[in-house]
Amino acid sequence: EFRRVLFRSGVTVFDSDSNYVLFRVADAGQVWQELYERGVLIRDFSRSQYLENCLRVSVGSPEENQVFLDALAEILNERS
């Protein structure tokens, strides 16, 4: 499952019954920028009150989801 893979990546995933996933990751603004540079478009809520360091990704096709998950894993691995 999409949320489970995100959770295993070390990010905080918020419960949701909608077609998107809200998650918290360190330095979210920079993560958003790096995803954008890889052609992955998600929403940046990192400067919103109560949503500091949060990003939101819409659940898409299996292929789109995999592109996002691969890009995020690559970014997080580069940081560790």
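The paragraphs below set out a description of the structure included in this document. Remember, predicted model here, so these are calculated numbers, not experimental data.

### A few points about the pattern of salt bridges
Scanning all chains against the criterion turns up 6 salt bridges. Arginine 79 is the partner of aspartate 27 in a salt bridge, and the nearest nitrogen-oxygen pair spans 3.7 Å. Residue aspartate 27 is found in the loop between strand S2 (20–24) and helix H2 (28–37), and its partner arginine 79 is found in helix H3 (residues 62–79); the two are separated by 52 residues along the sequence. Using a relative accessible area of 43% as the deciding quantity, one classes aspartate 27 as partly exposed. Ionic pairing is found between arginine 38 and glutamate 34, a salt bridge with its closest N-O pair at 4.0 Å. Assessed through its relative accessible area of 31%, arginine 38 is described here as partly exposed. When its relative accessible area of 14% is taken as the criterion, glutamate 34 is described as buried. Here the salt bridges share partners, and the residues they tie into one network are Asp27, Glu34, Arg38, Glu74, Glu78 and Arg79.

### Let's talk about unusual backbone geometry
With a phi angle near 75°, tyrosine 50 is a residue other than glycine that sits in the positive phi range. Under the relative-accessibility criterion, tyrosine 50 is labelled exposed at 65%. The backbone of asparagine 53 sits at a positive phi, close to 60°, despite the residue not being glycine. Checked against the element boundaries, asparagine 53 lands in the loop between strand S3 (43–44) and strand S4 (54–58).

### What about the nonpolar core?
Generally speaking, nonpolar side chains in soluble globular proteins are found buried as a group. Judged by nonpolar contacts, the single largest core of 19 residues is most densely connected at Leu6, Phe23, Val25, Leu35, Ile42 and Phe68. Taken together, the elements giving at least two residues each to this core come down to helix H1 (2–8), S2, H2, S4 and H3. At 6 residues, H3 tops the list of elements feeding residues into this core. Discounting chain neighbours no more than four positions away, the residues touching leucine 35 are Val40, Ile42, Phe68, Ala71, Leu72 and Ile75.

Conventions used here
Residues numbered from 1 in each chain as written. Predicted model: local features only at pLDDT ≥ 70, side-chain atom pairs only at ≥ 80, totals over all residues. Heavy atoms only, no water. Salt bridge = Lys/Arg side-chain N within 4 Å of Asp/Glu carboxyl O. Helix = DSSP H or I, 4+ residues; strand = E, 2+ residues; numbered from the N terminus. Buried < 20%, exposed > 50% of the residue type's maximum accessible area, 1.4 Å probe, protein only. Core = buried A, V, L, I, M, F, W, Y, C linked by side-chain atoms within 4.5 Å. Contact = heavy atoms within 4.5 Å.

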